[in-house]
Amino acid sequence: MPDQLEQIVVDWKSMFEKMNIGFSVQKLFWDQDGNPVDIEYEDINPAFEKITGIKREQAIGHRTSELIPDLEKEVYDYYGQVVRTGNPVTFEQMVKGLGVVFKVYAFKTGENEFGTIFEDITQSQHEKEFREQEAALLNAFINSMSDYVFYKNKEGVYVICNLAFAKEYVGKPIQSIIGKSDQEIFGASDVDKLGFILSKDKEVFESGATVKADWITKLSDGRIVTLETVKTPFRDKDGNLLGLVGVSRDITDRVNSEKAINEQLRELQVMNRLMIDRELKMIELKKALEKHRNEPVKKPE
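Note that this is a predicted model, so its numbers are computed, not measured. (Residues numbered from 1 in each chain as written. Predicted model: local features only at pLDDT ≥ 70, side-chain atom pairs only at ≥ 80, totals over all residues. Heavy atoms only, no water.)

**Student:** Describe in detail empty space enclosed by the protein, supporting the description with residues and values.
**Tutor:** Going through the model one piece at a time under the given rule, you end up with three cavities of 30 Å³ or more. The calculated volume of the largest cavity comes to roughly 180 Å³. Around the largest cavity, the lining is made up of 18 residues, and of these Tyr41, Phe48, Ile68, Tyr79 and Gln93 lie nearest the centre. Its residues placed into classes, the lining of the largest cavity shows 12 nonpolar, six polar and no charged. Of the pockets and cavities examined, the second largest cavity occupies roughly 70 Å³. Together, Phe150, Lys152, Tyr158, Phe165, Tyr169, Asp182, Phe196, Ile197, Trp215, Thr229, Lys231 and Ser248 line the second largest cavity. At the level of elements, β6 (148–153), α8 (163–170), α10 (191–207) and β9 (224–235) are the ones that each hand at least two residues to the lining of the second largest cavity. Considered class by class, the residues forming the lining of the second largest cavity number seven nonpolar, two polar and three charged. (1 Å grid on protein atoms, 1.4 Å probe; cavity = no way out; pocket = protein on both sides within 12 Å on 5 of 7 lines; lining within 4 Å. Points joined across faces, edges and corners; volume = space filled by probe spheres on them. Nonpolar A, V, L, I, M, F, W, Y, C, P; charged D, E, K, R; others polar. Helix = DSSP H or I, 4+ residues; strand = E, 2+ residues; numbered from the N terminus.)

Here's what the structure looks like:
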C-alpha cells in the first residue's frame, strides 16, 4: 500500500484551480523596522476571484495596499508570524472594503512567501451575530422579571436562569448555577426543596405535559414564601424533548390576602348566623307575647 501511494502523482495546481475555496500565494514585504507592511499576489485560483470579486489580472503582481487599502494591521501580523516561524495559523478576517468575513488558513511556502486557503463565512458570521443578539435580548428580558425563570436540559442541568432566580431563590451568582444540577446546588442543604423539585421535573419528563404546583419553601434570605411554579417541556422543531422551562412566582401576598379575606368572610358568616339566630328568637318572643295577649282573661270564681 505505501508503494502504491508513492506512485500517485498529485496535480496540486489543477486541484487548487478546481476547489471551491479561495487559494492564493503571496509575497510579504517588511518595513525598515522589520514589521510586515504589504503583500503582493503571486498566484490565485478561480475561487479567489469569485469570492473576493478581484480578477486575476487585477491581483497578480499587485499589492494588497492597492487592492484593499484598509486591510487591518492584525492580518499582516498573522502573515508575518507565519513567515517568521514557519508555523501555520488560522484566523477570521473582516475585510471592510469587500464587506465580507473570511476564515483564513495561512502557511509558509518559501522565503518571505506564504499561501492562504480561505472561505467566505459572512453569512454564518451574520447568523452568529444574530444569535448573540437574540441571546442578549433574551437575557435582558428575563433579567427584568421578578419571577424566577430557568431552563434545564433533560439531564436536569441548568442552562439558563435569570438574576432573580440566582439571587433570591438560590442565593448564588448565575455563573455558579449554570452547568450544575439541583443535587449539586441544593443537595444536603435543603432536602425538602430538592425532593419537590426533582419530583415535579420527573412528572414533566414522564408526562410530557405542563405541570403547575403551589408550594411553600424558603428563599436564600430565609423568608418563607408560597411559590406558584409552572414547568413546561421544551422541544426542538422535530418534537424531541430537550429539557424544561420553569417559572416560579412569589404569591405569598396573594395567599395571605386570600386568607385574610376568607377569615373576614368566616367572621361575617358567624356574625350573620348570630344575628339570624337573634332575629329568630325575637320573632318567637313576639309570637309568644302576641299569643299571650290574645288569650282570654279568666275571671276569678
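What follows continues from the structure just given.
**Student:** Talk me through the pattern of salt bridges; I want residue IDs and the actual numbers.
**Tutor:** As enumerated under the stated definition, the model contains 12 salt bridges in all. A salt bridge links Asp201 to Lys152; its shortest N-O distance comes to 2.6 Å. Of this pair, Asp201 sits in helix α10 while Lys152 is found in strand β6, placing the two residues 49 residues apart along the sequence. The two residues Asp201 and Lys152 agree in class, both being buried. Salt-bridge contacts for Arg254 lead to Glu228; the nearest nitrogen and oxygen are separated by 3.6 Å. Pair noted here: Arg254 is in helix α11 (residues 252–294) and Glu228 is in strand β9, with a separation of 26 residues, a long-range link. Residue Glu228 is classed as buried on the basis of its relative accessible area, which comes to 16%. A network of salt bridges, in which partner residues are shared, links Lys152, Asp182, Asp201 and Lys231. (Salt bridge = Lys/Arg side-chain N within 4 Å of Asp/Glu carboxyl O. Buried < 20%, exposed > 50% of the residue type's maximum accessible area, 1.4 Å probe, protein only.)

**Student:** An account of the nonpolar core is requested, with residue identities and associated values reported.
**Tutor:** Tyr79, Phe102 and Phe114 are the most contacted members of the largest nonpolar core, which totals 24 residues. Those elements that place two or more of their residues in this core are β2 (36–44), α3 (46–52), α6 (73–85), β3 (89–95), β4 (100–110) and β5 (113–120). Among the elements that make up this core, the one with the highest residue count is α6 (five residues). Ignoring anything within four residues of it in the chain, the contact list for Tyr79 reads Leu28, Ile39, Phe91, Gln93, Val104, Ala106, Phe114 and Thr116. Counting residues in each nonpolar core, the second largest holds 23 residues, with Tyr158, Ala164, Phe186 and Leu244 among its members. (Core = buried A, V, L, I, M, F, W, Y, C linked by side-chain atoms within 4.5 Å. Contact = heavy atoms within 4.5 Å.)

**Student:** Explain the environment of Asp38 to me, using residue names and the numbers behind them.
**Tutor:** Counting through the fold element by element, Asp38 comes out in strand β2. As a C-alpha pair, Asp38 and Tyr78 span 40 residues in sequence and 12 Å in three-dimensional space. Setting aside residues no more than four positions away along its own chain, Asp38 makes contact with Lys27, Leu28, Phe29, Arg63, Thr64, Ser65 and Tyr76. Polar side-chain contacts of Asp38 include one of 2.6 Å to the side chain of Ser65. (Polar contact = N/O pair within 3.5 Å; in protein donor to acceptor, adjacent residues only side chain to side chain.)

**Student:** Explain the packing of aromatic side chains to me, and be specific about the residues and the numbers.
**Tutor:** This structure, assessed with the given rule, holds 15 aromatic pairs. Ring geometry for Tyr151 against Phe234: centres 5.4 Å apart, planes inclined by 70°, an arrangement best described as edge-to-face. Here Phe234 lies in strand β9 and Tyr151 lies in strand β6, a separation of 83 residues in the sequence. Judged by relative accessible area, Tyr151 falls into the buried class, the value being 14%. On the numbers, 4.0 Å between centres and 15° between planes, the contact of Phe196 with Trp215 is stacked. In this pair, Phe196 is assigned in helix α10 and Trp215 in strand β8 (residues 211–218), connecting sequence segments 19 residues apart. Note on Phe196: relative accessible area 18%, which makes it buried. The exposure class of Trp215 is buried, given its relative accessible area of 9%. Counting every residue linked through ring pairs, the aromatic cluster contains Tyr148, Phe150, Tyr158, Phe165, Tyr169 and Phe186. When the ring centre of Phe29 is taken as reference, the NZ or CZ atom of Arg63 above it lies at 3.6 Å. (Phe/Tyr/Trp six-rings, centres within 6.5 Å; stacked < 30°, edge-to-face > 60°. Lys NZ or Arg CZ within 6 Å of the ring centre and 35° of its normal.)

**Student:** Help me get a handle on the confidence of the model for the chain, residues and values and all.
**Tutor:** Per-residue confidence for the chain gives a mean pLDDT of 85; residues scoring 70 or more make up 90%. Mean pLDDT across the elements of the chain bottoms out in helix α1 (residues 2–6) (51) and peaks in β6 (96). (pLDDT = per-residue confidence, 0-100.)

**Student:** Tell me what's going on with the sheet that holds β9, and back it up with residues and numbers.
**Tutor:** By definition, the strands of a sheet pair up through backbone hydrogen bonds, in either a parallel or an antiparallel sense. Spatial strand order, β7-β6-β10-β9-β8: five strands in an open sheet with antiparallel pairing. Edge strands, defined here as strands with exactly one partner in the open sheet, are β7 (158–161) and β8. The sheet shows a mean angle of 25° between the axes of neighbouring strands, direction not considered. Of the strands in this sheet, β6, β7, β8 and β9 are in contact with α8, which crosses β6 at around 100°. In the packing of α10 onto the sheet, contacts are made with β6, β8, β9 and β10 (241–250), and the angle to β8 comes to roughly 175°. (Pairing = 2+ DSSP bridges. Axes fitted to C-alpha atoms, helices over the stretch in contact; angles between N-to-C directions.)

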